[in-house]
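Per-entry structural report
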Amino acid sequence: MNVILTIIRILMGILIGILIGVVCTCIQCGKDHRAVFLQESEKNMLEYWIQRNRDEKRNMFLFFLNNDYYNVAVYGARGRYYDCFMEDTALKCFRNIYLADRCAKQLTKEKGEKVYTKEELQSLDLDAIVVTSDLHYKEIKKELDALQLGADIFSYRDLVYNLRKEKLE
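This report concerns the structure included in the present document. (Residues numbered from 1 in each chain as written. Predicted model: local features only at pLDDT ≥ 70, side-chain atom pairs only at ≥ 80, totals over all residues. Heavy atoms only, no water.)

**Overview of the overall build of the protein chain**
- Per the secondary structure count, the protein chain includes six helices and five strands.
- In the protein chain, the succession of α and β elements from N to C terminus is α-α-β-α-β-α-β-β-α-β-α.
- For the protein chain, with 169 residues in total, the buried portion stands at 36%.
- Of the contacts made within the protein chain by residues no fewer than 6 positions apart, 71% connect residues no fewer than 24 positions apart.
- Just so you have it, the protein chain exposes about 10900 Å², and 57% of that area is on carbon and sulfur atoms. (Helix = DSSP H or I, 4+ residues; strand = E, 2+ residues; numbered from the N terminus. Buried < 20%, exposed > 50% of the residue type's maximum accessible area, 1.4 Å probe, protein only. Contact = heavy atoms within 4.5 Å. Areas by Shrake-Rupley, 256 points an atom, 1.4 Å probe, with all protein chains shown as cover.)

So this is what it looks like as structure tokens:
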């Protein structure tokens with residue numbers, strides 16, 4: 001009888017372990033699905049505001065002019081939001097604009113112009129840094145903050161969302 005109870009307890013332990021594993025896996029899958037859905041929703045919202053700002057003729061370069069940001073680095077020197085930033089500002093207001101990226105060496109060859117690493121930004125006199133990577137902004141900002149560059153750091157997303165508040169002078 002004790003042997004049978006021991007076997008039943010072992011089997012129950014195994015079943016409970018399997019059940020817990022399945023539940024945890026399902027919870028994790030649900031989290032991943034929700035995260036992907038949230039990222040897609042955020043991307044759609046950002047795209048909407050980019051287009052709306054353009055339709056309403058809101059100029060991002062005015063933000064830089066109004067705040068005396070003339071020497072600017074763009075971190076994330078490729079991709080959709082890099083292209084949008086360059087188009088939105090038309091580079092009208094900058095004395096110096098520097099490109100920076102984790103893949104600086106490769107992008108320097110591709111673009112035919114100097115692309116800086118985040119460490120190389122320390123040698124520049126910067127007023128602001130715009131991070132165009134939407135997914136990795138927090139991580140990149142943390143790395144740039146650690147370098148104590150003395151420049152204000154903005155996400156392209158925040159600039160797009162707050163453009164409506166900018167004075168159109």
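**Concerning the sheet that holds strand β2 (residues 96–100)**
- With respect to topology, five strands assemble into an open sheet ordered β3-β2-β1-β4-β5, the strand pairing being parallel. Edge positions in the open sheet fall to β3 (115–116) and β5 (152–155), since each of these has one partner strand only.
- Pairing analysis gives four bridges linking strand β4 (residues 128–131) to β5, with the strands arranged parallel. Bridging across to β5, Ile129 finds its partner in Ile153.
- Contacts from helix α5 (residues 137–146) reach β1 (71–75), β4 and β5 within the one sheet, and its direction differs from that of β5 by about 170 degrees. (Pairing = 2+ DSSP bridges. Axes fitted to C-alpha atoms, helices over the stretch in contact; angles between N-to-C directions.)

**Regarding the pattern of salt bridges**
- Scanning all chains against the criterion turns up 12 salt bridges.
- The partner of Arg54 in a salt bridge is Glu87, and the shortest N-O contact between them spans 3.5 Å. Of the two residues, Arg54 sits in helix α1 (residues 2–55) while Glu87 sits in helix α3 (residues 80–89), which places them 33 residues apart along the sequence.
- With relative accessibility at 23%, the residue Arg54 sits in the partly exposed group. (Salt bridge = Lys/Arg side-chain N within 4 Å of Asp/Glu carboxyl O.)

**Focus on the environment of Arg58**
- Residue position: Arg58 is located in the loop between α1 and α2 (61–66).
- Arg58 gets classed as buried once you look at its relative accessible area, which sits at 19%.
- Along the sequence, Arg58 and Val160 sit 102 residues apart, while their C-alpha atoms lie 9.7 Å from each other.

**Observations concerning unusual backbone geometry**
- Unlike most non-glycine residues, Lys57 shows phi in positive territory, near 60 degrees.
- Mapped onto the elements of the fold, Lys57 is located in the loop between α1 and α2.
- When its relative accessible area of 64% is taken as the criterion, Lys57 is described as exposed.
- The phi angle at Gln148 is positive, at roughly 50 degrees, despite the residue not being glycine.
- With respect to the element layout, Gln148 can be found in the loop between α5 and β5.
- Taking relative accessible area as the criterion, Gln148 reaches 70% and is therefore assigned exposed.

That's the geometry; what it means functionally is another story.
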